[in-house]
Amino acid sequence: MDTIITILISTILVNNYVFAQFLGICPFLGVSSKTETAVGMSVAVTFVVVFASAITWVLQTFVLNVFGLEYLQTIVFILVIASLVQFVEMVIKKVSPALYSAMGVFLPLITTNCMVLGVTVLNIQNEYNLFETLISGLGASLGFALALILMASLRERLELVDIPKPLKGVPIALISAGLMAIAFSGFTGLV
């Protein structure tokens, strides 16, 4: 139980993939302009990361390691992630066309979201069992969601503030992201 709580707190706050490891920055900056879109992207990424973590762990443990094919890890993991993203894209298109159009090009880009691949590879490197892998994937997803939704909320508020013209848009978003990363570094030593 202590290990599970440690993994969750670590992946959500202490070693947040966006703020501490700088993975997943493209969707973090690209989809964080509106809270509604950020929430939708968070749900999609959570689904993909948790299921990709489980599937890649099974493939690594029972196929790649057994047959000495560890060198194929990256290719196999990317294929799993791409398949899951296609599935998520079809479901969102059918269930919520508005969310699908709001996400635009960023939904297929989950395939190339380095955070998703990073989580799956780090789960194997940390030698987690299947349950720990699922918890790590969930924690990483919740950490990504927290970062994305906080950033979207902040960017919506920044639209209402008088900001000097050279800092509007992406520059102030990058400054804000840097300040948020500094704030999250305050969780270091928590676990």
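Scroll up for the structure.
Residues numbered from 1 in each chain as written. Predicted model: local features only at pLDDT ≥ 70, side-chain atom pairs only at ≥ 80, totals over all residues. Heavy atoms only, no water.

Draft legend 1. Structural view of the overall build of the protein chain. When helices and strands are tallied, the protein chain shows eight helices and zero strands. Put simply, the protein chain runs from its N terminus to its C terminus through helices and strands in the order α-α-α-α-α-α-α-α. Relative to the 2.2 N^0.38 estimate, which gives 16 Å for 191 residues, the radius of gyration of the protein chain is 17 Å and therefore close to what a compact globule would have. Oriented by its inertia axes, the alpha-carbon framework of the protein chain measures out at about 60 × 45 × 30 Å. In the protein chain, which comprises 191 residues, the proportion classed as buried is 43%. Residue pairs at least 24 apart in sequence account for 78% of intrachain contacts in the protein chain once pairs closer than 6 positions are excluded. Separation of charge centres in the protein chain, based on 7 positive and 9 negative side chains, amounts to 18 Å. (Helix = DSSP H or I, 4+ residues; strand = E, 2+ residues; numbered from the N terminus. Rg over C-alpha atoms; globule rule 2.2 N^0.38 Å. Buried < 20%, exposed > 50% of the residue type's maximum accessible area, 1.4 Å probe, protein only. Contact = heavy atoms within 4.5 Å. Lys, Arg positive; Asp, Glu negative; His and termini not counted. Charge placed at Lys NZ, Arg CZ, Asp CG, Glu CD.)

Draft legend 2. Structural detail: helix α7 (residues 130-158). With 29 residues, α7 extends 42 Å from end C-alpha to end C-alpha; this agrees with the ideal 42 Å at 1.5 Å per step. Two to three positions downstream of the cap, the backbone nitrogen of F131 sits 3.1 Å from a side-chain oxygen, assigning the N-cap of α7 to N129. (Expected span 1.5 Å × (residues − 1). Polar contact = N/O pair within 3.5 Å; in protein donor to acceptor, adjacent residues only side chain to side chain.)

Draft legend 3. Geometry of unusual backbone geometry. A positive phi angle, near 55°, is found at F22, a position not held by glycine. Note on F22: relative accessible area 55%, which makes it exposed. One non-glycine residue, E127, adopts positive backbone phi at about 55°. Taking the relative accessible area as the measure of exposure, E127 reaches 69% and is therefore exposed.

Draft legend 4. Structural detail: the packing of helix α1 (residues 2-14) against α7. α7 packs onto α1 with a crossing angle of 30° between their chain directions and a minimal axis gap of 7 Å. In terms of their interaxial angle, α1 and α7 are classed as roughly parallel. Here α1 and α7 pass one another in a crossing that is right-handed. In this structure, α1 contributes T3, I4, I7, L8, T11, I12 and L13 to the contact, and α7 contributes F131, E132, I135, S136, G139, A140, L142, G143 and L146. (Axes fitted to C-alpha atoms, helices over the stretch in contact; angles between N-to-C directions. Parallel < 35°, antiparallel > 145°, perpendicular 65-115°, else oblique. Left-handed = near helix turned anticlockwise from the far one by under 90°.)

Draft legend 5. Layout of the side chain of T11. Residue position: T11 is located in helix α1. A polar atom in the side chain of T11 sits 2.8 Å from the backbone oxygen of I7. If near-sequence neighbours (up to four positions away) are discounted, T11 is found in contact with N16, Y17, S136, G139, A140 and G143.

Draft legend 6. Geometry of a nonpolar patch on the surface. Taken together, V58, F62, V63, V66, F67 and L130 make up a surface patch of nonpolar side chains, about 540 Å² in accessible area. In terms of residue count, helix α3 (residues 35-64) provides more of the nonpolar patch than any other element does, three residues in total. Relative to the elements of secondary structure, F67 occurs in the loop between α3 and α4 (73-95). Given the relative accessible area of 59%, F67 is considered exposed. (Patch = residues over 30% accessible without salt bridge, like charges linked within 9 Å, V, L, I, M, F, W, Y side chains within 5 Å. Areas by Shrake-Rupley, 256 points an atom, 1.4 Å probe, with all protein chains shown as cover. Salt bridge = Lys/Arg side-chain N within 4 Å of Asp/Glu carboxyl O.)

Draft legend 7. Representation of the nonpolar core within the structure. Residues F19, F28, V48, I110 and M115 are the most contacted members of the largest nonpolar core, which totals 37 residues. Listed by contribution, the elements that provide at least two residues to this core are α3, α4, α5 (97-103), α6 (114-125), α7 and α8 (170-184). The element that contributes the greatest number of residues to this core is α3, accounting for seven residues. Core analysis: the next-biggest nonpolar cluster, separate from the first, contains five residues, W57, L64, F77 and I124 among them. (Core = buried A, V, L, I, M, F, W, Y, C linked by side-chain atoms within 4.5 Å.)

Draft legend 8. Region of interest: the packing of α7 against α8. At a closest axis distance of 11 Å, the pairing of α7 and α8 adopts a crossing angle of 135°. The orientation of α7 with respect to α8, classified from their angle, is oblique. Along this stretch, α7 crosses α8, giving a crossing that reads as right-handed. Together, L146, A147, L150, M151, L154, R155 and L158 of α7 and I172, A173, S176, A177, M180 and F184 of α8 make up the contact between the two elements. For the contact of α7 with α8, a count of residues per class yields 11 nonpolar, one polar and one charged. (Nonpolar A, V, L, I, M, F, W, Y, C, P; charged D, E, K, R; others polar.)

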